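# Analysis of the macromolecular model
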Amino acid sequence: GWVAWHSSHPFRPALLFLLYKSLYTVVIPSPTSYLLFLWVLATLAPRKYSLSWGLGGNLSATGMALVCMIMVVPTCLVDHSYAKGQRRLLLSDWAGADRHFERALKLDAHHVDSLLGSAMAAFQQRNYSVMDPLLQRAISIKKSMDTLKPSAHFYYYAKMYDEAFPINEMILEVFREHRTTM
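Residues numbered from 1 in each chain as written. Predicted model: local features only at pLDDT ≥ 70, side-chain atom pairs only at ≥ 80, totals over all residues. Heavy atoms only, no water.

## Here's the deal with the packing of aromatic side chains
Counted by the stated rule, this structure contains six aromatic pairs. Note on Phe 123 and Tyr 128: the rings are 6.1 Å apart at their centroids and 45 degrees apart in plane angle, and the pair reads as tilted. A relative accessible area of 24% places Tyr 128 in the partly exposed class. On the numbers, 6.0 Å between centres and 20 degrees between planes, the contact of Tyr 161 with Phe 165 is stacked. Here Tyr 161 and its partner Phe 165 are both found in helix α9 (residues 161-174), four residues apart, which amounts to about one turn of the helix. Here Tyr 161 falls in the partly exposed class, since its relative accessible area comes to 35%. Accessibility expressed as a relative area gives 43% for Phe 165, which makes it partly exposed. Members of the aromatic cluster, connected to one another through ring pairs, are Tyr 156, Tyr 157, Tyr 161 and Phe 165. (Phe/Tyr/Trp six-rings, centres within 6.5 Å; stacked < 30°, edge-to-face > 60°. Buried < 20%, exposed > 50% of the residue type's maximum accessible area, 1.4 Å probe, protein only. Helix = DSSP H or I, 4+ residues; strand = E, 2+ residues; numbered from the N terminus.)

What follows is the structure, given as structure tokens:
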């Protein structure tokens, strides 16, 4: 990355793009990689750079990296737990998936994707009494096609038609152009 930034090589834009792509695909999604990346940035940053923050002091590059880390790490941990839950779903480890989704929900109680993932784990175990409140909570947080359509399908395939049809009607009412495949 350093060579790409300070050279006039014709491949400079391509190298910078690869550096950027590696940041958002490898470094940022993993909390450990992100922390290591911030530590390296803080170590490499010249000591002369600081930020006056108005309360009678300056914030060094290390301090700025620490503030960024504190602000972003909870989001990374939620996404990391959600991704681990998705992997467990693919491996048909329903209890493991639910454990990771619950960890994500402890960090962010409004993480709709974790609610849907946990509902999927309950659905696969035919535990419909656990699935129902999770889906209702997800729908109450976010009424979008990404929430409504999977919820309607879960209810439909669980033979919970009284719950599936109102959601289907909501889909048709809110998204008139969408004709569901139910």
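After that view, the rundown keeps rolling.
## Comments concerning the pattern of salt bridges
In this structure the tally under the stated criterion is one salt bridge. Between Arg 88 and Asp 93 there is a salt bridge, with the nearest N and O atoms lying 3.5 Å from each other. Residue Arg 88 is classed as partly exposed on the basis of its relative accessible area, which comes to 31%. (Salt bridge = Lys/Arg side-chain N within 4 Å of Asp/Glu carboxyl O.)

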